[in-house]
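Understanding the architecture of this molecule
The chain contents come next:
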4 protein chains.
Amino acid sequence: MTTIGFIGLGVMGAPMAANLVGAGYDVIGYNRSRGRVDALVAKGGRAASSVAEAVRGAEVVITMLPDSPDVEQVVMGEDGVLHHAQAGTLLVDASTIRPDVSRAIAQACRARGVRALDAPVSGGEAGAIEGTLSIMVGGDPADFDAAHEVLRAVGSTIVHVGPAGAGQTVKAANQLIVAGTLELLAEALVFLSAHGVDLASAVEVLGGGLAGSAVLQRKAPAMLDRRFEPGFRVDLHHKDLGIVLDAARAAGVAIPLGAHVADLLASLRAQGGGQLDHSALLLQVEKLSGEDNELAPNRAASR
Amino acid sequence: MTTIGFIGLGVMGAPMAANLVGAGYDVIGYNRSRGRVDALVAKGGRAASSVAEAVRGAEVVITMLPDSPDVEQVVMGEDGVLHHAQAGTLLVDASTIRPDVSRAIAQACRARGVRALDAPVSGGEAGAIEGTLSIMVGGDPADFDAAHEVLRAVGSTIVHVGPAGAGQTVKAANQLIVAGTLELLAEALVFLSAHGVDLASAVEVLGGGLAGSAVLQRKAPAMLDRRFEPGFRVDLHHKDLGIVLDAARAAGVAIPLGAHVADLLASLRAQGGGQLDHSALLLQVEKLSGEDNELAPNRAASR
Amino acid sequence: MTTIGFIGLGVMGAPMAANLVGAGYDVIGYNRSRGRVDALVAKGGRAASSVAEAVRGAEVVITMLPDSPDVEQVVMGEDGVLHHAQAGTLLVDASTIRPDVSRAIAQACRARGVRALDAPVSGGEAGAIEGTLSIMVGGDPADFDAAHEVLRAVGSTIVHVGPAGAGQTVKAANQLIVAGTLELLAEALVFLSAHGVDLASAVEVLGGGLAGSAVLQRKAPAMLDRRFEPGFRVDLHHKDLGIVLDAARAAGVAIPLGAHVADLLASLRAQGGGQLDHSALLLQVEKLSGEDNELAPNRAASR
Amino acid sequence: MTTIGFIGLGVMGAPMAANLVGAGYDVIGYNRSRGRVDALVAKGGRAASSVAEAVRGAEVVITMLPDSPDVEQVVMGEDGVLHHAQAGTLLVDASTIRPDVSRAIAQACRARGVRALDAPVSGGEAGAIEGTLSIMVGGDPADFDAAHEVLRAVGSTIVHVGPAGAGQTVKAANQLIVAGTLELLAEALVFLSAHGVDLASAVEVLGGGLAGSAVLQRKAPAMLDRRFEPGFRVDLHHKDLGIVLDAARAAGVAIPLGAHVADLLASLRAQGGGQLDHSALLLQVEKLSGEDNELAPNRAASR
């Protein structure tokens, strides 16, 4: 039985680790807050009290962390994954981070005889729970093949998109599309509401045609119910769009709508929405359209 | 057997009329260019050589025309539908036009004892051929019920969204979302291409997660193959976004991304792309990113 | 002594009429609210109690009205200017209206033997008081020459820019630039404030270089003092940008920043800012940046 | 007589150094290409063949360099200014660089007993030649006072805007406004041209009202003559807007128009316009409006 060290048991990591347990893997989980680890143990996993414990003896190590510096430290830092992993270990980083950081990590791994894949995911908390994530994988094809079976336990669309870092580049594109689609949906709903159209009927019929999307299907209900607890936080999506903007600028490619929605999301965050689900773009559109709502202008809180 | 007069046998109207024939209706079709009518006859329909012929004896009249003035003239003009329709006829206008025009038509119909629905559709040529259109219907609930069976022959999602004009308002929102989603997809593809990612793999994995959409599924293949023959012409989508902009401005609602993509689509048209499929937004993003392509700067041609 | 009928004694019209009186003209003023007329009489003008009275006996008639329908009615309506003006009268419309309406008025005037110029102005209330307006004139060159001396009393830059309607087209471009420049200034001020820079010093030094502008010189002080009473109302600038958007769309020209600032101004208006000076774009940028301010989200108030 | 070491004799530096010579200063100039140094000598300056030579014996050192890394290396690098400057030397960096780099340089200077000011300028090549630059100075007030007389020789508006780095922050805001104003002017010109208005007349009358600006006055003539040789290169303005975007994002302030014009400028650069004057934004607007022009889509050339 393959042993998997799983580091990072947050909103996404916890259900992914649970699905690996459910698929029969020996999962040893680590998280900074101990409660998260206990929850995994309750589902049949094992507990690690340090990165070292999660890594030692594992054939596969999966990391699911918030941002580039987190991954850099957990993998390459003192007492990190590379310090404890045996040669031949397969590191699968499912975090969404900068492509150049993924490439640097892959290089550092290679130098230690560790195999590395960047494997960011899309599908949100629901996809993580259902095990239907879409996984965009960068790295060596042989390593992709080796990881495939494990990834089948957490995702339903698993594609090798190129060398190290390519997974992150595709994830960046994914985040551009998702942010934009959320904003378009928000604009459509405010537009329809102002014209007195019943929103539930509209969402139903929009979903059946060319305007249909995973965003509409998964996020419109929460928008209509005005539930904006995350899910995926505005702060994180803002971070991701920073990656997109930098990569687009460096490559000299135009992303007019992408840049525009990045601006809108930054503004939502500045207005105190950083901890809300990214579907709270609806609140921003409402404000811009003159409606008062629960989005408190509270700059201090978000910085 | 219900007799249906079908006026407007273009890219969308022709397959819709064919599906009605296939569902067993007696369809008598009219189009300005006779070839279109002959094609319907070849599929089992009957030919009308005038609006009058298509309307007389029909219990249901369906119109599928390019723009507001076309519908105004065909319905309310001299020798138009209202001139020839008997009281009780059900007029279903599947065209995408201005909501206020739909309301005016409904009122004119009511004065003549004709029942009217605005029933614009989404799903594109493919949806029309497959009979899987999404149909957003405005008008009286009783008339909606009366039209439902007929509409089942051309669409799979059929929803009553409000009184006369509401169908058009929802279609406007639909067009906002579709244009924006096309542009986001185009930006993502150019971004990925500039970073050396294999586009087919990227499209596959993007489609499996939160970035998935009907636009991605139906339009990405043509974008990758660089096939931009319509389908749905830029000229028409530009017209539709004019409706959206006017309605948003009148209602005081903010549609920042909608307004932005309207600007980009207008620019694509100004550059000679009016006759291309709206997925040609890809060409515009490429140009903005410094790539030469088949989008000829040829202002005269588009005006 | 030339007799001038002056119709419309508002924020701009009142000081313009006063300057004509000061230059020695016989000015007979009309305004719907009588108090405005009395104020002109106090400065040496004469009172008219109807359009007819203002027009009869006048060699020159100047109109300064809010919007296209106002000018249409005052000039072409029942009991309007054209009903009472003698042949050879010179009508100078200083209002900012749609170019096509100006052309229609010119044509109606010609049919009556009345000479017409569209002569919208720029420079704001301050420019009107100082008599330093910039006046963009459309119409026949001979009529322009005939009006020149009168216009010298209210403006310092007076330019013939083309045939009937051309003055309005240039004014539209003027309004595009002014709105955009106000927004850029607002963004710069919020940006500098967030970085702890002393705004008065910044405005001084910005004004001395390539960032200097009439907008910065005339509007930055009020922004720093947070005085947003008009001046030029957001509602009117919103109306003007509607003219710009329509004209750009009709001509197939791209105005990406113009369209964007039109969207921002519409949003400011939707948020209840319609009655504020257009420099209140500052409040909008502050809101978007997370600051609470006196811009009440109060949709109802602005519609 | 004060001795001034001047490092960086490019488009801006050369006329600034010449003006210092003209004001009676002993100027010893250094530039990587010797020809530039010879030109200064011909105007009465002295030649340095290294940074060391320019710095030794100078009471004031002025640097005018393209970008942050250039200044970092010239000031803090091996054999750089700090290596050779005596304690008490006053370093005035007139380059436009990142505020944080300016702060780091100020700190490094302080550690060596060298006084430092960031003093970026605005006014373009014309302002540099005329000695009418606007200079935005960050640093200690006492050092600002000490530098004031020297700066009077190159600028006419010289303002202390805050501590180290504040000059750069104000310059960033300056560049935001300038880029936006250029774009607005370009949009207005293309709009007017499409409507058949005589552009020279329009520019004259626009310049007299609220749309007037230094950009219109200094850049419209070149736009009308279609002369786009720099002047100030698109590449450099693109670099500057990168500073603006980063600083705005870090501070959580919204700069919707600033972000939009940054996108347009990046696109102009991607299309091969990097070496043109920034007024070439006109070419971009023309292209977007469907006109063919000399802006060759030639991505390779600009990267």
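Residues numbered from 1 in each chain as written. Chains lettered and ligands numbered in written order. Predicted model: local features only at pLDDT ≥ 70, side-chain atom pairs only at ≥ 80, totals over all residues. Heavy atoms only, no water.

What follows deals with the overall build of chain A. The helix and strand inventory of chain A stands at 14 helices and 9 strands. Once the C-alpha set of chain A is aligned to its principal axes, its extents read approximately 60 × 45 × 40 Å. Across the 303 residues that make up chain A, the buried fraction comes to 64%. Counting every atom, chain A has about 10,300 Å² of accessible surface; 50% of that belongs to carbon and sulfur. Seen as two clouds, the 24 positive and the 33 negative side-chain charges of chain A have centres 4 Å apart. (Helix = DSSP H or I, 4+ residues; strand = E, 2+ residues; numbered from the N terminus. Buried < 20%, exposed > 50% of the residue type's maximum accessible area, 1.4 Å probe, protein only. Areas by Shrake-Rupley, 256 points an atom, 1.4 Å probe, with all protein chains shown as cover. Lys, Arg positive; Asp, Glu negative; His and termini not counted. Charge placed at Lys NZ, Arg CZ, Asp CG, Glu CD.)

Moving on, we come to the packing of helix H9 (residues 166-194) of chain A against helix H13 (residues 256-273) of chain A. Residue and element names in this part refer to chain A. Packing of H9 against H13 brings their axes to within 9 Å, and their N-to-C directions diverge by 70 degrees. Taken together, the axis directions place H9 and H13 in an arrangement best described as roughly perpendicular. The two elements H9 and H13 cross, and the hand of that crossing is left-handed. Contact with H9, carried on its side by Leu176, Ala179, Gly180 and Glu183, involves Gly258, Val261 and Leu264 of H13 and no other residues of that element. A class-by-class count of the residues in the contact of H9 with H13 yields 4 nonpolar, 2 polar and 1 charged. (Axes fitted to C-alpha atoms, helices over the stretch in contact; angles between N-to-C directions. Parallel < 35°, antiparallel > 145°, perpendicular 65-115°, else oblique. Left-handed = near helix turned anticlockwise from the far one by under 90°. Contact = heavy atoms within 4.5 Å. Nonpolar A, V, L, I, M, F, W, Y, C, P; charged D, E, K, R; others polar.)

Let's shift gears to the interface of chain C and chain D. Counting residues at the interface gives 65 residues for chain C, matched by 65 residues for chain D. For the pair chain C and chain D, the summed buried surface comes to about 5,200 Å²; carbon and sulfur atoms form 77% of the total. Considering only the surface of chain C that becomes buried against chain D, Phe191, Leu210 and Leu257 of chain C emerge as the three largest contributors, covering 16% of it. Our count for the contact surface shared by chain C and chain D stands at 0 salt bridges. Taken together, the links from chain C to chain D amount to 15 residue pairs in polar contact (both at pLDDT 80 or more). (Buried area = accessible area lost by both parts, 1.4 Å probe. Salt bridge = Lys/Arg side-chain N within 4 Å of Asp/Glu carboxyl O. Polar contact = N/O pair within 3.5 Å; in protein donor to acceptor, adjacent residues only side chain to side chain.)

According to UniProt, the feature "domain: 6-phosphogluconate dehydrogenase NADP-binding" (unreviewed entry) maps to residues 3-162 of chain A in the numbering used here. End-to-end, the C-alpha atoms of residues 3-162 of chain A are 26 Å apart, and along that stretch the chain is 43% helix and 25% strand. (UniProt positions renumbered as here; feature names shortened; annotations may be inferred.)

Attention now goes to the environment of Gly29 of chain A. Residues and elements named next belong to chain A. Relative to the helices and strands, Gly29 is located in strand S2 (residues 26-30). For Gly29, a relative accessible area of 0% gives the class buried. Gly29 sits 15 residues away from Ala14 along the chain, and the two C-alpha atoms are 9.1 Å apart.

Attention shifts here to the packing of helix H10 (residues 199-207) of chain A against helix H11 (residues 214-225) of chain A. All names here are of chain A. Contact geometry for H10 and H11: axes closest at 11 Å, N-to-C directions at 175 degrees. As summarised for this structure, H10 and H11 are arranged roughly antiparallel, according to the angle between their axes. Counting all contacts with H10, which are made through Leu199, Ala200, Val203, Leu206 and Gly207, the residues of H11 involved are Leu216, Ala220 and Leu224.

Attention now goes to the interface of chain B and chain A. Between chain B and chain A, the residue contacts involve 65 residues of the former and 65 residues of the latter. Each partner contributes to the roughly 5,200 Å² buried at the junction of chain B and chain A, and carbon and sulfur atoms together form 77% of this total. Together, Phe191, Leu210 and Leu257 of chain B form the three largest contributors to the area buried by chain B at its contact with chain A, with a combined 16%. For the pair chain B and chain A, the number of links is 0 salt bridges. Summed over the shared surface of chain B and chain A, the result is 15 residue pairs in polar contact (both at pLDDT 80 or more). Of all the secondary-structure elements, those providing two or more residues to the side of chain B that touches chain A are strand S8 (133-138), strand S9 (155-162), helix H9 (166-194), helix H10 (199-207), helix H11 (214-225), helix H12 (234-251), helix H13 (256-273) and helix H14 (281-288) of chain B. Top element by residues in the side of chain B that touches chain A is H9 of chain B. It accounts for 19 residues. Split into classes, the residues belonging to the side of chain B that touches chain A amount to 38 nonpolar, 21 polar and 6 charged.

Once turned by 180 degrees and shifted 0.0 Å along the axis, chain C lies on chain D with an RMSD of 0.0 Å. The two molecules are tied by a two-fold rotation axis, judged by turn and shift. It is Ser213 of chain C whose C-alpha, among those of chain C, lies nearest the rotation axis, at 1.9 Å. Interface overlap between copies: 100% of the residues of chain C at the interface are likewise at the interface in chain D, consistent with a symmetric, same-surface contact. (Least-squares fit on C-alpha atoms with pLDDT ≥ 70 in both.)

A word on the UniProt feature "active site" (unreviewed entry) in chain A. All names here are of chain A. The positions UniProt marks with the feature "active site" (unreviewed entry) are Lys171. Looking at the element boundaries, Lys171 is found in helix H9. With a relative accessible area of 6%, Lys171 lands in the buried category. Excluding its chain neighbours within four sequence positions, the residues that come into contact with Lys171 are Thr96, Pro120, Val121 and Met136.

A few words on the domain arrangement of chain A. Residue and element names in this part refer to chain A. Splitting chain A by domain gives domain 1 (3-163) and domain 2 (169-302). A straight line from the C-alpha centre of domain 1 to that of domain 2 covers 28 Å. Every contact between the two is made by 18 residues of domain 1 and, on the other side, 11 residues of domain 2. Together, the buried faces of domain 1 and domain 2 total about 1,100 Å²; carbon and sulfur atoms form 56% of this surface. Interface area lost by domain 1 to domain 2 is led by Thr96, Pro99 and Met136, which between them contribute 36%. Taken together, the links from domain 1 to domain 2 amount to 2 salt bridges. A salt bridge links Asp246 to Arg98; the shortest N-O distance between them is 3.6 Å. (Domains from an automatic or database assignment.)

Let's shift gears to the relation of the copies chain B and chain A. Once chain B has been moved 0.0 Å along the axis and rotated by 180 degrees, it coincides with chain A to within an RMSD of 0.0 Å. Comparing interface residues between copies, 100% of those in chain B also lie at the interface in chain A; the contact surface is shared.

Turning our eyes to something else, we now look at the side chain of Asp143 of chain C. Residues and elements named next belong to chain C. The residue Asp143 is located in helix H8 (residues 141-152) in this model. By relative accessible area, which is 8% here, Asp143 ends up buried. Those residues in contact with Asp143 that sit more than four places away from it in its chain are Leu90, Arg115, Ala116 and Leu117.

Below, the discussion takes up the environment of Val60 of chain C. Residues and elements named next belong to chain C. You can see Val60 is positioned in strand S4 (residues 60-63). In this structure Val60 comes out as buried when scored by relative accessible area, which is 8%. As for Val60 and Val285, which are separated by 225 residues in sequence, their C-alpha atoms are 44 Å apart. In this view, Val60 contacts Thr2, Thr3, Ile4, Gly5, Leu90 and Val92; residues no more than four positions away in its chain are not counted.

With that out of the way, let us pick up unusual backbone geometry. Omega for the peptide link from Pro230 of chain A to Gly231 of chain A comes to 5 degrees, which places this bond in the cis form. Among the structural elements, Gly231 of chain A can be located in the loop between H11 and helix H12 (234-251). Its identity is not glycine, yet Arg226 of chain A carries a phi of approximately 55 degrees, on the positive side. At Asp79 of chain D, a residue that is not glycine, the phi angle is positive and equals roughly 60 degrees.

The subject of this paragraph is the side chain of Glu286 of chain B. Residue and element names in this part refer to chain B. Residue position: Glu286 is located in helix H14. Residue classification places Glu286 among the buried residues on the basis of a relative accessible area of 7%. Polar side-chain contacts of Glu286 include one of 3.0 Å to the side chain of Asn293.

Residue and element names in this part refer to chain A. The side-chain alternation of strand S4 (residues 60-63) yields two buried faces, one formed by Val60 and Ile62 and the other by Val61 and Thr63. Here 4 bridges tie strand S1 (residues 3-7) to S4, and the two strands are oriented parallel to one another. Looking at S4, one finds that Ile4 is bridged to Val60. For S4 and strand S5 (residues 90-93), the ladder comprises 4 bridges, and the chain directions are parallel. When the bridges of S5 are listed, Ile62 appears paired with Val92. (Pairing = 2+ DSSP bridges.)

Here we take up the confidence of the model for chain A. Residues and elements named next belong to chain A. Mean pLDDT over chain A works out to 95, with 97% of the residues at or above the 70 mark. Between residues 297-303, whose pLDDT stays under 50, and residues either more than four places distant or in other chains, the model counts 21 contacts. For this predicted complex, the interface score ipTM comes out at 0.94, alongside a pTM of 0.94. (pLDDT = per-residue confidence, 0-100.)

The next point concerns the pattern of salt bridges. As enumerated under the stated definition, the model contains 48 salt bridges over all chains in all. With its nearest N and O atoms 2.7 Å apart, the salt bridge here joins Asp235 of chain A to Arg269 of chain A. Residue Asp235 of chain A is located in helix H12, and its partner Arg269 of chain A is located in helix H13; the two are separated by 34 residues in the primary sequence. Under the relative-accessibility criterion, Arg269 of chain A is labelled partly exposed at 23%. A salt bridge links Asp277 of chain D to Lys219 of chain D, with the shortest nitrogen-to-oxygen separation between them at 3.1 Å. Separated by 58 residues along the polypeptide, Asp277 of chain D in the loop between helix H13 (256-273) and helix H14 (281-288) and Lys219 of chain D in helix H11 (residues 214-225) bring together distant segments of the chain. Connected via shared salt-bridge partners are Arg98, Asp100 and Asp246 of chain A.

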